[in-house]
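# Observations on chain architecture
For reference, the chains in residue letters:
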Amino acid sequence: MDRRLAGLALGTALAISMAGRAPLLGVLATLLIPVTALAAAVRAGIGGWALAMLPGGVAIAAVGTEGSAAYVAGALSGPVTWAMLQRGVRPAVALAGGAGPYAVWMIYLAITGFDPFPAELEESLAGIVAESARQGDVPAEQLAELSKSLTVAVQVLRQTWVASEAVWFWVTLVVAWTVARRVFQGGGFAPLGRFSRFDVPDRVVGLLIGGLVMVLFPGGGGSAAVRTAGWNLISGTGLVYAIRGLAIEWHWMGRGGWRRPWHIGMVVAGIVLFLPVFLATTLGLGLFDTWADFRRLGGSEPGGDSLSTRPPTSGDDIQRKG
């Protein structure tokens, strides 16, 4: 086994073993698991992958079985991604497929009644709001409205956490691919392309529309389950479109000659200072780019590898290629 791959495997096992004593190592382990899985599958095949994931499995068994399902889901991202790459699928799409085992695990947890938000969460939030009102931080006339908003927010989170977790695991895999590419100096890991050219297949909008239909017109005796599935479709596609909207904003800042620190500063400022408006604008850009093609991604930028999974569809692109 390659020394770097062996180092990743042992480092993953060590991070898992020490996570209970140092929470930051637990965060590191959540990244090292997919990094090791992807690196082992891409560079050593299924046999090498099984060998590289063995130390982490032993560490999971040693500290307890609570995280075993999460470990298996993260480990399986490697061979699933590798299998899709062997079929000629682009890396970004293959990584989305690699998030499949994790998504299946999240769906299983939801079906079995798992709730990531404790039952007393709403009571705790209500207590915080009431204390703020007593201290004068929240006007009395806004107390009822704020309490209602927090209750609705918790309910929405309870209905959308499955899709949100799956999308963020895909983002984690993208980061893991980038880390593995740096560790192995690009060997076997194709570049993902510029973030400013990230794109989404047109057909994804069908999932969003389907989710809206399920939420607005659930019908039948299983309406609660149908509505929950609909909210998850809306949440998952919404996060993906928000990422594309951020890529569009990144593209425009680049076209304006802004340097990378300004890119990052503007995004952080938008999240910290203007989150509701920033999020709505970013998501809207990502969604309507399905029809507007704001960046004209039909090959107009030489050498700009894209994360796009679709061919150019706008009339301008077709004319330009013709």
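For the structure itself, look to the data block above.
First things first, this report covers the structure right here in the doc. All chains use their own residue numbering, which begins from 1 and follows the written sequence. Only residues with pLDDT of at least 70 get local features here, since the model is predicted, and only at 80 or more are side-chain atom pairs given and counted; chain-wide, interface and lining totals rely on the full set of residues. By convention in this description, side-chain values take in all heavy atoms of the structure and omit both hydrogens and water.

### Comments concerning the packing of helix α1 (residues 3-18) against helix α2 (residues 23-63)
Packed helix pairs are specified by the crossing angle of their axes together with the interaxial distance, meaning the distance between the axes. Between the N-to-C directions of two axes lies an angle of 0 to 180 degrees, each axis being a line fitted to C-alpha atoms and, for a helix, fitted only over the stretch in contact. Every helix listed is a DSSP run of H or I at least four residues long, and every strand listed is a run of E at least two residues long, numbered separately from the N terminus. Closest axis-to-axis distance for the α1/α2 pair is 3 Å, and the angle between their directions is 20 degrees. Taken together, α1 and α2 sit at an angle that is classed as roughly parallel. Regarding α1 and α2, the two cross each other, and that crossing is left-handed. The residue inventory of the contact of α1 with α2, partitioned by class, reads 20 nonpolar, five polar and two charged. Comment on the angle field: the value is read as roughly parallel under 35 degrees, roughly antiparallel over 145, roughly perpendicular from 65 to 115, and oblique elsewhere. Helix crossings get a hand from a simple test, with the near helix turned counterclockwise from the far one by less than a right angle marking a left-handed crossing and a clockwise turn marking a right-handed one. All amino acids are sorted into three groups, where Ala, Val, Leu, Ile, Met, Phe, Trp, Tyr, Cys and Pro are nonpolar, Asp, Glu, Lys and Arg are charged, and the leftover types, Gly among them, are polar.

### Section: unusual backbone geometry
One non-glycine residue, glutamine 185, lies in positive phi territory at about 55 degrees. Inspection of the secondary structure puts glutamine 185 in the loop between α7 (140-183) and α8 (204-216). The phi torsion at aspartate 293 lies on the positive side, around 50 degrees, for a residue other than glycine. Locating aspartate 293 in the fold gives a position in the loop between α11 (275-292) and α12 (315-321).

### Re α11
Between the first and last residue of a helix there are one fewer steps than residues, each counted as 1.5 Å, and that sum is the expected span. With 18 residues, α11 should cover 26 Å at 1.5 Å per step; its first-to-last C-alpha distance of 24 Å lies within 8% of that length. Residue burial is assigned from relative accessible area. The probe radius is 1.4 Å, only protein chains are included, and a residue is buried under 20% of its type maximum, exposed over 50%, and partly exposed in between. Looking only at α11, the buried set comprises Phe278, Thr282, Gly284, Leu285, Gly286, Leu287, Asp289 and Thr290. Looking at the buried residues of α11, the elements they touch are α8, α9 (223-255) and α10 (260-273). A positive phi of about 50 degrees marks aspartate 293, the residue just after α11. Contact definition: two residues touch when any of their heavy atoms are within 4.5 Å.

### A few points about the pattern of salt bridges
Every case where a carboxyl oxygen of Asp or Glu lies within 4 Å of a side-chain nitrogen of Lys or Arg is listed as a salt bridge. Inspection of the entire model under this criterion finds seven salt bridges. Measuring nitrogen to oxygen at the nearest pair gives 3.8 Å for the salt bridge that ties arginine 43 to aspartate 2. With arginine 43 in helix α2 and aspartate 2 in the segment before α1, this pair connects stretches of sequence that are 41 residues apart. Residue classification places arginine 43 among the partly exposed residues on the basis of a relative accessible area of 37%. Overall, aspartate 2 belongs to the partly exposed group, its relative accessible area being 27%. Look at the salt bridges and you will find they share partners, linking Asp199, Arg244, Asp289 and Arg295 into a network.

### Comments concerning the layout of surface pockets
Note on definitions: the grid is 1 Å and covers protein atoms alone; a cavity is a set of points where a 1.4 Å probe fits but cannot get out; a pocket is an open set with protein on both sides within 12 Å along at least five of seven lines; lining residues have an atom within 4 Å of a point. Grid points are joined across faces, edges and corners, and a volume is the space filled by probe spheres set on the points. Taken as a whole, the largest pocket encloses approximately 1,400 Å³ of empty space. Trp168, Leu239, Ala242, Ile243 and Leu246 are the residues nearest the centre of the largest pocket, which is lined by 42 residues in total. Taken together, the elements giving at least two residues each to the lining of the largest pocket come down to α7, α9, α10 and α11. At 13 residues, the largest contribution of residues to the lining of the largest pocket is made by α9. The volume enclosed by the second largest pocket comes to roughly 1,000 Å³. If you trace the second largest pocket, you find 37 residues lining it, with Ala163, Ala166, Val167, Gly236 and Thr237 closest to the centre. Only α4 (91-98), α5 (100-111), α7, α8 and α9 provide two or more residues apiece to the lining of the second largest pocket.

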